[in-house]
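Structure at a glance
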Amino acid sequence: MQNTNPDTILIIDFGSQYTQLIARRVREKNVFSVVKPNDVNIKDIKNINPKGIILSGGPESVSNKRKLQVSKSIFNLDVPILGICYGMQLIADYFNGTVISSTKKEFGHTNFVYNKTSSLFNHINLKKKLNVWMSHSDNIAKLPKNFTCIGSSTNTKISAFAYENKKIYGLQFHPEVTHTECGNIIISNFIHHICKCKKSWTTRNIINESIQNIKNSVQNNKVLLALSGGVDSTVVAALLKRAIGKQLTCVFINTGLLRKNEVNEVKFNITKKLKIKLTIVNAENIFFKKLRNITDPEKKRKIIGETFIRVFESESKKYKDIKYLGQGTIYPDVIESSSDSKKSDVIKSHHNVGGLPKKINFKLIEPIRNLFKDEVRKIGKTLSVPEELLSRHPFPGPGLAVRIIGEVTKDKVAILQDVDSIFIEEIKNQGYYNQISQALAVFLPIKSVGVMGDQRKYNYVVAIRAVNTIDFMTANACELPYKLLKQISTRIVNEVPNVSRVVYDITSKPPGTIEWE
Ligand code: XMP
């Protein structure tokens, strides 16, 4: 989608939990944004040809000798630069200001008095003080030469600075979070007025450019689309259908690791609602065979990713001239995989990217690779993808396999499908489904004693989990009403044979993840 080079803001990531949020805020203002890790080289930056650069926050301190850095050549590119939190401190450090570790740390809300004449604070006519969101322990004690202080907070004298002639700015607080008053105006001032980006990143333009790009790359060839039935691949199907019509062949692999009734629902949505031709491949036995005796979560992911591709390859041999494999990879998968590969603490490999075998016989076509989930949903809506499909909770690529702790078997999948279906049905019936970001059930490899009627039972334990999150990088367990939880538990124990106990997972992310494996 970058072929036509929309005006772009480059975000350099120093490990802040808010990096993706910055990128989304920029896009919400109709400007394209790209996130790159801090060690991106200057040649790549020049290829991106950004109209402006934002340096993210991060957990590091610039006084650390092995601090995360970015190529200093960015300051010679003659594009505006905005440093946020760590990004601001790094600018101060590079320009010989003084950054100290302060005893007066600031976390949370604070008052910020700003200089109205700075171009960063244009159009803020509300009042003198803004309520802003801080999260730092280092401070800028002395301004670098040529920089002026353009704002102070309760505890920090230099909370914002500017080198107006070179259009370099720094903010100690986070304009990207909703808790910061007028944060939106500040970001808009930077991208629209200082960087002079055009507002060209709109749903209509994204669809048109995407369709044009698909046509240009695919030409007369055929595309095989790996449909999972989730939001992403369904939107890809709708886009591909618009772009290449009958050259598209959709294949849905039944891995046996799907939700209850998923196969029929996908069939209905794709063939009846979207009127796209679909082939269903029943490959459950192959997947269960490959997963036999496998208990390690990462191994499960790799095996499923690889088996998936192999099944597709053999399926594709049935069609002539298929050259491309369509995939519903989205931008957070790409960002996470690129930073995962560098960091030692890889959390998990993602099915779409990390789990893909190195050698595949298709060229990949990934039309939504540059998009965030909310953008994918907007596109889906414009392309008439059914609303209930767009508002579905996410479901992991490896399916129920990563919700079954230990070895995956058909019996366990059947139990988990029943549990999951009751859980989802109840939260839908009680009106909670759309207030929850993701709800799931987990099969535990332990048994527990119970009594039903007069009989003593020794059956499985399942966990249920519902979380709320903005970006799936951090999440909180939902405080579901006790009455609802009790109703769900009663139904599960009564209706699912072999389950005698239900527990509710209240762990946040971090330290937990959303999925259990
Ligand atoms: P975690 O468990 O890492 O999950 O907190 C974050 C989000 O990603 C989904 N997830 C996956 N999606 N392939 C996917 O396509 C995977 O292997 C995978 N693992 C986790 C998870 O359901 C949640 O929405």
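Residues numbered from 1 in each chain as written. Predicted model: local features only at pLDDT ≥ 70, side-chain atom pairs only at ≥ 80, totals over all residues. Heavy atoms only, no water.

1. Observations concerning the overall build of the protein chain
To be explicit about the condition: Helix and strand definitions follow DSSP, with helices as H or I runs of at least four residues and strands as E runs of at least two, each counted in order from the N terminus. The reference for a compact globule is 2.2 Å times residues^0.38; the radius of gyration itself is calculated from the C-alpha atoms. Between two residues, a contact is recorded if the distance between any of their heavy atoms is within 4.5 Å. Using the Shrake-Rupley algorithm and a 1.4 Å probe, accessible areas are obtained, with residue cover drawn only from the displayed protein chains. Neither His nor the chain ends is counted toward charge; the positive residues are Lys and Arg and the negative residues Asp and Glu. Note that the charge is assigned to NZ on lysines, CZ on arginines, CG on aspartates and CD on glutamates.
For the protein chain, the count of helices and strands is 14 helices and 18 strands. Scaling as 2.2 N^0.38, a compact globule of 517 residues should have a C-alpha radius of gyration of about 24 Å, and the protein chain matches this with 25 Å. Here the C-alpha coordinates of the protein chain stretch approximately 75 × 65 × 40 Å along the principal axes. Of the contacts formed within the protein chain by residues at least 6 apart in sequence, a portion of 76% connects residues at least 24 apart. When the accessible area of the protein chain is evaluated, it comes to approximately 24,000 Å², of which 48% is carbon and sulfur surface. Taking the average location of the 76 positive side-chain charges in the protein chain and that of its 46 negative ones, the two points are 4 Å from each other.

2. Some points on the nonpolar core
A general feature of soluble globular proteins is that nonpolar side chains tend to end up buried together. The cut-off we apply is this: For our purposes a nonpolar core is just a set of buried Ala, Val, Leu, Ile, Met, Phe, Trp, Tyr and Cys residues, chained together by side-chain atoms within 4.5 Å. Only protein chains enter the calculation, and the probe is 1.4 Å; a residue is then buried if its accessible area is under 20% of its type maximum, exposed if over 50%, and partly exposed in between. How far each domain reaches was decided by an automatic or database domain assignment.
L120 and F121 are the most contacted members of the largest nonpolar core, which totals 105 residues. With nine residues, the single largest contributor to this core is helix α6 (residues 231-244). Looking at this core, you find at least three residues from each of domain 1 (8-194) and domain 2 (203-390). Those residues in contact with L120 that sit more than four places away from it in its chain are L82, I150, Y169, L171, I186, N189, F190 and I194. By size, the runner-up hydrophobic cluster in this structure holds 50 residues, among which are L224, A226, V281 and L484.

3. Some thoughts on helix α13 (residues 410-429)
An α-helix turns once every 3.6 residues. As a result, residues three or four positions apart point the same way. Going by this rule: Here a helix's expected span is defined as the number of its residues, less one, multiplied by 1.5 Å.
For α13, which comprises 20 residues, the first-to-last C-alpha distance of 28 Å matches the rise-based estimate of 28 Å (1.5 Å per residue) to within 8%. Taken together, the buried positions of α13 are K412, V413, I415, L416, Q417, V419, D420, I422, F423, I424, E426 and I427. Once α13 ends, the next one or two residues include G431, with phi positive near 80°.

4. A closer look at the site of the ligand
This is how it is decided: Note on definitions. A residue lies near a molecule or strand when any single heavy atom of the residue is within 4 Å of it. N or O atoms within 3.5 Å of each other form a polar contact, as long as, within protein, one can give a hydrogen and the other can take it, and as long as residues adjacent in sequence are counted only when both atoms are side-chain atoms. For this scheme, ten residues count as nonpolar: Ala, Val, Leu, Ile, Met, Phe, Trp, Tyr, Cys and Pro. Four count as charged, namely Asp, Glu, Lys and Arg, and the remainder, Gly too, count as polar.
Near the ligand lie 13 residues; those nearest to it are R301, Q438, K509, I514 and E515. In this structure, R301 approaches the ligand through a side-chain N or O atom, which is 2.7 Å from a nitrogen atom. Separating an oxygen atom of the ligand from a side-chain N or O atom of K509 is a distance of 2.6 Å. Bound to the protein, the ligand loses 89% of the 490 Å² it would expose on its own. The residue makeup of the shell around the ligand, split by class, is five nonpolar, four polar and four charged.

5. Quick look at the sheet that holds strand β8 (residues 160-163)
The condition is simple: Paired strands, in this sense, are two strands between which DSSP finds at least two bridges. With axes taken as lines fitted to C-alpha atoms, and helix axes fitted only over the stretch in contact, angles between N-to-C directions fall between 0 and 180 degrees.
Here we have nine strands laid out as an open sheet, ordered β2-β1-β3-β4-β9-β8-β7-β5-β6, and mixed in their pairing. Each edge of the open sheet is held by one strand with a lone partner, namely β2 (32-37) and β6 (129-142). Taking each pair of neighbouring strands and ignoring which way they run, the sheet shows an average axis angle of 20°. Strand direction decides the pairing type here: strand β3 (residues 52-55) and strand β4 (residues 81-84), joined by three bridges, are parallel. Looking at the pairing, I53 lines up with I81 of β4. The sheet contacts of helix α3 (residues 86-94) involve β3, β4, β5 (98-114), β6, β8 and β9 (168-171), and relative to β4 the element is tilted by about 115°. Against the sheet, helix α4 (residues 183-194) touches β1 (8-13), β3, β4, β6 and β9, its axis set at about 170° to β9.

6. Let's talk about the pattern of salt bridges
Under the convention used in this document: Basic side-chain nitrogens of Lys or Arg form a salt bridge, by our definition, when they fall within 4 Å of a carboxyl oxygen of Asp or Glu.
Under the counting rule described, the total for this entry stands at 19 salt bridges. Salt-bridge contacts for R310 lead to E313; the nearest nitrogen and oxygen are separated by 2.7 Å. Taken together, the residues span about one helical turn, with R310 and E313 both in helix α9 (residues 297-316) at a distance of three residues. R310 gets classed as partly exposed once you look at its relative accessible area, which sits at 34%. Given the relative accessible area of 10%, E313 is considered buried. One connected set of salt bridges, linked through shared partners, spans E425, E426, R491 and E495.

7. A closer look at the side chain of Q172
Along the polypeptide, Q172 turns up in the loop between β9 and α4. Take Q172: its relative accessible area is 0%, and that puts it in the buried class. There is a polar contact of 3.1 Å between the side chain of Q172 and the side chain of Q89. Leaving out residues up to four positions away in the same chain, Q172 has contacts with C85, M88, Q89, M134, H136, D138 and S159.

8. Here we look at the confidence of the model for the protein chain
Close inspection of predicted coordinates is inappropriate for parts of the model with low pLDDT. Selection rule: Each residue gets a pLDDT score, which is the predictor's confidence in that residue and runs from 0 to 100.
Residues at a pLDDT of 70 or more form 95% of the protein chain, whose mean pLDDT is 91. The low-confidence segment residues 340-356, where pLDDT is below 50, has 39 contacts with residues more than four positions distant or belonging to other chains.

9. Comments concerning the packing of α13 against helix α14 (residues 482-495)
Put simply, the rule reads: Crossings are assigned a handedness: left-handed for a near helix turned anticlockwise from the far helix by less than a right angle, right-handed for a clockwise turn.
Where α13 meets α14, the axes come as close as 10 Å, and the angle between the chain directions of the two elements is 150°. The two elements α13 and α14 cross, and the hand of that crossing is right-handed. For the pair formed by α13 and α14, the contact residues are V419, I422, F423, E425, E426 and I427 on the first element and L484, Q487, I488, R491, I492 and E495 on the second. Of the residues belonging to the contact of α13 with α14, the class tally is seven nonpolar, one polar and four charged.

10. Some words on the environment of G256
Assignment of secondary structure puts G256 in the loop between β11 (248-254) and α7 (262-273). Taking the C-alpha atoms as reference points, G256 and A475, separated by 219 residues in sequence, lie 28 Å from one another. With residues near it in sequence (within four places) discarded, G256 still touches E284, F288 and V413.

11. Concerning the sheet that holds strand β10 (residues 222-227)
Reading across from one edge, β12-β11-β10-β13-β14 is the order of the five strands in this open sheet, with parallel pairing throughout. Only two strands of the sheet have a single partner each, and these edge strands are β12 (278-282) and β14 (363-365). Pairwise comparison of adjacent strand axes, ignoring direction, gives a mean angle of 35° for this sheet. Inspection of the sheet shows β10 paired to strand β13 (residues 322-326) by four bridges, in the parallel sense. When the bridges of β13 are listed, V223 appears paired with Y324. On top of the sheet, α6 reaches β10 and β11; it is set at about 160° to β10, its chief contact.

12. A word on the packing of aromatic side chains
What counts is decided by this rule: The aromatic pairing rule takes the rings of Phe, Tyr and Trp, using the six-membered ring of Trp, and pairs them if the centres are within 6.5 Å, calling planes under 30 degrees apart stacked, those over 60 edge-to-face and the rest tilted. Note on geometry: a ring has a charge over it if NZ (lysine) or CZ (arginine) is within 6 Å of the ring centre and within 35 degrees of the ring normal.
For the coordinates displayed, the defined rule picks out 14 aromatic pairs. A centroid spacing of 4.5 Å and a plane angle of 40° characterise the contact between F32 and W201, whose relative ring orientation is tilted. Within this pair, whereas F32 is found in strand β2, its partner W201 is found in the loop between α4 and α5 (203-218), the two being separated by 169 residues in sequence. Neither F32 nor W201 differs from the other in exposure class; each is buried. Geometrically, the ring pair formed by F112 and F121 is edge-to-face, given 5.7 Å between the ring centres and 65° between the ring planes. Here F112 falls in the buried class, since its relative accessible area comes to 0%. In this structure an aromatic cluster arises from ring pairing among F75, Y94, F95, F147, F161 and Y163. Directly above the ring of Y433 sits K428, whose terminal nitrogen or CZ lies 4.7 Å from the centroid.

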